[in-house]
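Inside the fold
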Amino acid sequence: MAITYMTEEGLRKLKEELVHMESIQRPEISRQIAEARDKGDLSENAEYDAAKEAQGMLEGKIAQLKSLIATARVIDESAISTDEIQIMNRVTIKNLKTKKDMTYMLVSESEADLKSGKIAVNTPIAQGLLGKKVGDKVDIQVPSGMLSFEVLDISI
């Protein structure tokens, strides 16, 4: 099992999601299965098939979340350095082609959310930035081609 590094907030959100799935969604699906079963012949009951499929998908998600929580390691934010880019750093970079500045926080895959500026540490851009220092210029191969960046700032 691979260890997943994350923030306390990220781990808390995963645990809340797991509780919601187990205490609200699971009983709801069980109720739907019971209702569909009460309607008679299960061999031609589309509602029953759909509810059973939803139950299987939910149980798969629950198992996945439990595994992720079991292998999660909370990162001590006080031990994070800003000397070079690492997970949990907020990084401001400049796209040298477009001259646009962008700020991202490097987080675990489970916490990634591009809308809030959090990119997964296993993405091509994050991988290319890891270990770089302020002032470094880096060329990163992404699916759309090669991008050039300059590291402007590293913070927590």
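Not measured: the values here are computed from a predicted model. (Residues numbered from 1 in each chain as written. Predicted model: local features only at pLDDT ≥ 70, side-chain atom pairs only at ≥ 80, totals over all residues. Heavy atoms only, no water.)

1. Notes on the overall build of the protein chain
As a reminder, the rule being used: For the purposes of this entry, the term helix denotes a DSSP run of H or I that reaches at least four residues, the term strand denotes a run of E that reaches at least two, and both are numbered from the N terminus. We compute the radius of gyration from the C-alpha atoms alone; for a globule the expected value is 2.2 Å times N to the 0.38, where N is the number of residues. The classification of residues rests on relative accessible area computed with a 1.4 Å probe and restricted to protein chains. Under 20% of the type maximum is buried, over 50% is exposed, and intermediate values are partly exposed. Here, two residues are considered to be in contact whenever any of their heavy atoms come within 4.5 Å of each other.
The helix and strand tally for the protein chain stands at three helices and seven strands. When the helices and strands of the protein chain are read in sequence order from the N terminus, they spell out β-α-α-β-β-β-β-α-β-β. Against the globule reference of 15 Å for 156 residues, the protein chain gives a C-alpha radius of gyration of 22 Å, more extended than a compact globule. Based on the C-alpha atoms only, the size of the protein chain along its principal axes is roughly 70 × 35 × 25 Å. With 156 residues in all, the protein chain has 31% of them scored as buried. Contacts in the protein chain between residues far apart in sequence, at least 24 positions, make up 50% of those at least 6 positions apart.

2. Observations concerning the sheet that holds strand S3 (residues 90–95)
Hydrogen bonds between backbone groups are what pair the strands of a sheet, and the pairing can be parallel or antiparallel. Selection criterion: Here a strand pair is declared whenever DSSP counts at least two bridges between the two strands. Each axis is a line fitted through C-alpha atoms, and for a helix only the stretch in contact is used; angles between axes span 0 to 180 degrees, taken between their N-to-C directions.
Spatial ordering of the open sheet is given by S5-S4-S3-S7-S6, a layout of five strands whose pairing is mixed. Because the sheet does not close on itself, it has two edges, and the strands there are strand S5 (118–120) and strand S6 (137–142). Strand-to-strand twist of the sheet, defined as the mean angle between neighbouring strand axes without regard to direction, takes the value 45 degrees. Pairing geometry for strand S4 (residues 101–107) and S5, over three bridges, is parallel.

3. Let's talk about the pattern of salt bridges
Keep this limit in mind: The term salt bridge refers to a side-chain nitrogen of Lys or Arg lying within 4 Å of a carboxyl oxygen of Asp or Glu.
Summed over all chains, the structure comprises seven salt bridges. Residues Arg12 and Glu16 are paired through a salt bridge, measuring 2.8 Å at the closest nitrogen-oxygen approach. Residue Arg12 and its partner Glu16 are both found in helix H1 (residues 8–38); the two are separated by four residues, about one turn of the helix. Measuring nitrogen to oxygen at the nearest pair gives 3.3 Å for the salt bridge that ties Lys133 to Glu84. Taken as a pair, Lys133 in the loop between helix H3 (124–129) and S6 and Glu84 in the loop between strand S2 (72–74) and S3 lie far apart in primary sequence, 49 residues in all. Note on Lys133: relative accessible area 39%, which makes it partly exposed. Given a relative accessible area of 36%, Glu84 falls into the partly exposed group. Connected via shared salt-bridge partners are Glu28, Arg31 and Glu35.

4. Re the confidence of the model for the protein chain
Detail in the predicted coordinates should be disregarded across regions flagged by low pLDDT. Cut-off, in case you're wondering: Predictor confidence is given residue by residue as pLDDT, running from a minimum of 0 to a maximum of 100.
Confidence in the prediction of the protein chain, expressed as mean pLDDT, is 88, and 99% of residues score 70 or more. By mean pLDDT, strand S1 (residues 4–6) is the weakest element of the protein chain at 79, and S3 is the strongest at 93.

5. Things to note about the layout of surface pockets
The condition that has to hold: Using a grid of 1 Å spacing that covers the protein atoms alone, one calls a set of points a cavity when a 1.4 Å probe fits there but cannot get out, and a pocket when the set is open and has protein on both sides within 12 Å along at least five of seven lines; lining residues are those with an atom within 4 Å of a point. Grid points are joined across faces, edges and corners, and a volume is the space filled by probe spheres set on the points.
Size it by volume and the largest pocket reaches roughly 180 Å³. Looking at the largest pocket, the residues that line it are Glu9, Gly10, Lys13, Leu14, Glu17, Ser110, Glu111, Ala112, Asp113, Ser116 and Lys118. When residues in the lining of the largest pocket are grouped by element, the largest group, five residues, is from H1.

6. Describing the environment of Leu68
Relative to the helices and strands, Leu68 resides in helix H2 (residues 46–70). Note: C-alpha distance between Leu68 and Ile125 (57 residues apart in sequence) is 24 Å. Sequence-distant contacts of Leu68, that is, excluding residues within four places in its chain, are made with Thr4, Leu14 and Ser110.

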